[in-house]
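Single-letter residue listing:
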Amino acid sequence: MSLAADFTQQEVPTHVAIIMDGNGRWARARGLPRMIGHQRGADSVRRTVEAAVELGISYITLFGFSSENWRRPADEVKDLMGLLRRYLKNESKDLKKNGVRVRFVGDLTRLPQDIVQQIEVAESLTAEGKSLTLTIALSYGGRQEIVRAAKRLAEKVERGELQPSEIDEPTFEHELLTLGLPDPDLMIRTSGEIRISNFLLWQSAYSEFVFIEKHWPDFSKEDLALAVAEYQRRDRRYGTTTDSR
């Protein structure tokens, strides 16, 4: 049975964002190196992308590597960069075949140059994908993104290209790294942590949140479907009310 079977009569979120947490704890609980947890986490990415296509989700954004993650031990960062290289090399053709467009957001200038080149190839190769847009946040921080947008607007004001009175929400959003993406309807975090950890701070203003106890390597297609079902039970009011009294 298709995962989408139970959702055909209800609204599926257009955009789902996921904080993929718990790779290290998953490995530690099994007496394995942290890198094994990250490798299994990459398998979960593949499953989740497949499930998103099956459910009819149009956009999925994954928190792959935060700006704070650069402070992790050098060996772990090196291993994570190696895993990213393998993911880009091994998955890009399959993503294209399945109609998935992939894009990356974050301070990519901090990444090794060969990875930046692989990212450019992957984005170009999958640019025509229509079934799903997969966005991976790398070297990303929500506060840093907002500061960057503010600086860009200040520079435009300084150059006389923009008046302060002209700055509104759409103008500000135009300077965000996620330009072209709708705000996430649903944000999921695995591993039982109940916080958003500097992820999509501006964009998640009206997102629904679902927190899952499972560590990311154990996240399944069914878990995504259950999170969507929970989203469908929510009453999204955007600060208004459905009470007609």
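Bear in mind that the values here come from a model prediction, so they are computed numbers and not experimental data. (Residues numbered from 1 in each chain as written. Predicted model: local features only at pLDDT ≥ 70, side-chain atom pairs only at ≥ 80, totals over all residues. Heavy atoms only, no water.)

S.K.: Just checking my understanding: could you explain helix α3 (residues 74-97) for this structure?
M.R.: Owing to its 3.6 residues per turn, the α-helix brings residues three or four apart onto one side. When the terminal C-alpha atoms of α3 are compared, their 35 Å separation across 24 residues agrees well with the 34 Å that a helix rising 1.5 Å per residue should span. All of the buried residues in α3 are Glu76, Val77, Leu80, Met81, Gly82, Leu83, Leu84, Tyr87, Leu88, Glu91, Ser92 and Leu95. Looking at the buried side of α3, the elements it contacts are α2 (34-55), β2 (59-66), β3 (100-105), α4 (113-125) and β4 (132-140). Where α3 terminates, the next one or two residues include Gly99, which has phi positive at roughly 75°. (Helix = DSSP H or I, 4+ residues; strand = E, 2+ residues; numbered from the N terminus. Expected span 1.5 Å × (residues − 1). Buried < 20%, exposed > 50% of the residue type's maximum accessible area, 1.4 Å probe, protein only. Contact = heavy atoms within 4.5 Å.)

S.K.: Whenever I open this one, the sheet that holds strand β6 (residues 208-211) confuses me. Can you help?
M.R.: In spatial order, the strands read β3-β4-β2-β1-β5-β6; together these 6 strands make up an open sheet with parallel pairing. The open sheet has two edge strands with one neighbour each: β3 and β6. Across the sheet, the mean angle from the axis of one strand to that of its neighbour is 20°, orientation sign disregarded. Note that strand β5 (residues 186-189) and β6 share 4 bridges and pair parallel. By the bridge assignment for β6, Ile188 is matched with Val210. Where helix α7 (residues 221-233) meets the sheet, it contacts β1 (15-19), β5 and β6, and its direction lies at approximately 135° from that of β5. (Pairing = 2+ DSSP bridges. Axes fitted to C-alpha atoms, helices over the stretch in contact; angles between N-to-C directions.)

S.K.: Help me understand the environment of Pro184 in this model?
M.R.: Here Pro184 lies in the loop between α6 (169-173) and β5. For the pair Pro184 and Thr14, spaced 170 residues apart in sequence, the C-alpha to C-alpha distance is 7.5 Å. Those residues within four positions of Pro184 in sequence are excluded, and the remaining contacts are His15, Ala17, Leu200, Gln203, Ser204, Ser207 and Arg236.

S.K.: Sorry if this is basic, but what is going on with the packing of α2 against α7 here?
M.R.: Helix packing for two helices is described by the angle between their axes and how far apart those axes are. Following both chains from N to C, one finds α2 and α7 inclined at 45°, their axes separated by 9 Å at the closest point. It follows that α2 is oblique to α7 by the angle criterion. Handedness of the α2/α7 crossing: right-handed. Counting all contacts with α2, which are made through Arg47, Thr48, Glu50, Ala51, Ala52, Glu54 and Leu55, the residues of α7 involved are Lys221, Leu224, Ala225 and Val228. Here the residues of the contact of α2 with α7 sort into 6 nonpolar, 1 polar and 4 charged. (Parallel < 35°, antiparallel > 145°, perpendicular 65-115°, else oblique. Left-handed = near helix turned anticlockwise from the far one by under 90°. Nonpolar A, V, L, I, M, F, W, Y, C, P; charged D, E, K, R; others polar.)

S.K.: Help me understand the nonpolar core, please; the structure alone is not making it clear to me.
M.R.: The nonpolar side chains of a soluble globular protein tend to be buried, and buried together. Counting 43 residues, the largest nonpolar core has Ile18, Ile57, Leu134, Leu138, Ile188 and Leu224 as its most contacted members. The residues contacting Leu134, other than those within four sequence positions of it, are Val49, Ile60, Leu62, Tyr87, Leu95, Val100, Arg101, Val102 and Arg103. If you look at the next biggest cluster of nonpolar residues, it comprises 9 residues, including Phe63, Val105, Ala137 and Phe199. (Core = buried A, V, L, I, M, F, W, Y, C linked by side-chain atoms within 4.5 Å.)

S.K.: What is the right way to look at the packing of α3 against α4 in this model?
M.R.: At a minimum axis separation of 10 Å, α3 and α4 run at an interaxial angle of 15°. Between α3 and α4, the angle is such that the two are roughly parallel. α3 and α4 meet at a crossing whose hand is left-handed. The residues of α4 that touch α3, namely those facing Met81, Leu84, Arg85, Leu88, Lys89, Ser92, Lys93 and Lys96, are Asp114, Ile115, Gln118, Ile119, Ala122 and Leu125.

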